[in-house]
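Residue-level structural notes
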Amino acid sequence: QMHLAESGGGLVQTGGSLRLSCAASGRTLTTSGMGWFRQDPGKEREFIAAVTWSTGKTYYSDRAKGRFTISFDNAKYTMHLQMNSLKPEDTAVYYCALDRFGSGSSRVIDYDYWGQGTQVTVSS
């Protein structure tokens, strides 16, 4: 299966920015896609954004639009999430996920592989 390695999480002040990265290794599919989710303890895992490898089409949750930008580097099979104007409510563990079919789905069940998660903490 695919291995997803995340990086870029950390501590940032309110209004700051972070850029998360997720490098995919292993077997790749031209028709697959990747997405970002986040989760706070005791809450459901929340969809943030997704991107389809073959077309570059992007998908965003309503909460992510305007502040977050998803991108995919085809040469390095690396997905990025640029997060600007961060707020304390953005504090969560952020997960990278791969969807074999590149549907851009917002549902956890539609993703096949997951990264280990990276902690993002926004201080007030």
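About the criteria used
Residues numbered from 1 in each chain as written. Predicted model: local features only at pLDDT ≥ 70, side-chain atom pairs only at ≥ 80, totals over all residues. Heavy atoms only, no water. Pairing = 2+ DSSP bridges. Helix = DSSP H or I, 4+ residues; strand = E, 2+ residues; numbered from the N terminus. Axes fitted to C-alpha atoms, helices over the stretch in contact; angles between N-to-C directions. Disulfide = S-S within 2.5 Å. Buried < 20%, exposed > 50% of the residue type's maximum accessible area, 1.4 Å probe, protein only. 1 Å grid on protein atoms, 1.4 Å probe; cavity = no way out; pocket = protein on both sides within 12 Å on 5 of 7 lines; lining within 4 Å. Points joined across faces, edges and corners; volume = space filled by probe spheres on them. Nonpolar A, V, L, I, M, F, W, Y, C, P; charged D, E, K, R; others polar.

A word on the sheet that holds strand β7 (residues 68-73)
The strand order across the open sheet formed by 4 strands is β1-β3-β8-β7, and the pairing between neighbours is antiparallel. Edge positions in the sheet fall to β1 (3-7) and β7, since each of these pairs with one other strand and no more. Direction aside, the axes of adjacent strands within the sheet are offset by 15° on average. For strand β3 (residues 18-25) and strand β8 (residues 78-83), the ladder comprises 6 bridges, and the chain directions are antiparallel. The residue of β8 that forms the bridge with L18 is M83.

Digging into the state of the cysteines
Summed over the entire model, instances satisfying the criterion amount to 1 disulfide. Here C22 is linked by a disulfide to C96, with a sulfur-sulfur distance of 2.0 Å. As the torsion about the S-S bond is roughly -75°, the C22-C96 disulfide counts as left-handed. With a gap of 74 residues between them, C22 in strand β3 and C96 in strand β9 (residues 92-99) connect regions that are remote in the sequence. A single burial state applies to C22 and to C96, both of which are buried.

Side note on the layout of surface pockets
The computed volume of the largest pocket comes to approximately 160 Å³. Around the largest pocket, the lining residues are R38, Q39, D40, K43, E44, E46, R63, E89, D90, T91 and A92. Within the lining of the largest pocket, the residues separate by chemical class into 1 nonpolar, 2 polar and 8 charged.

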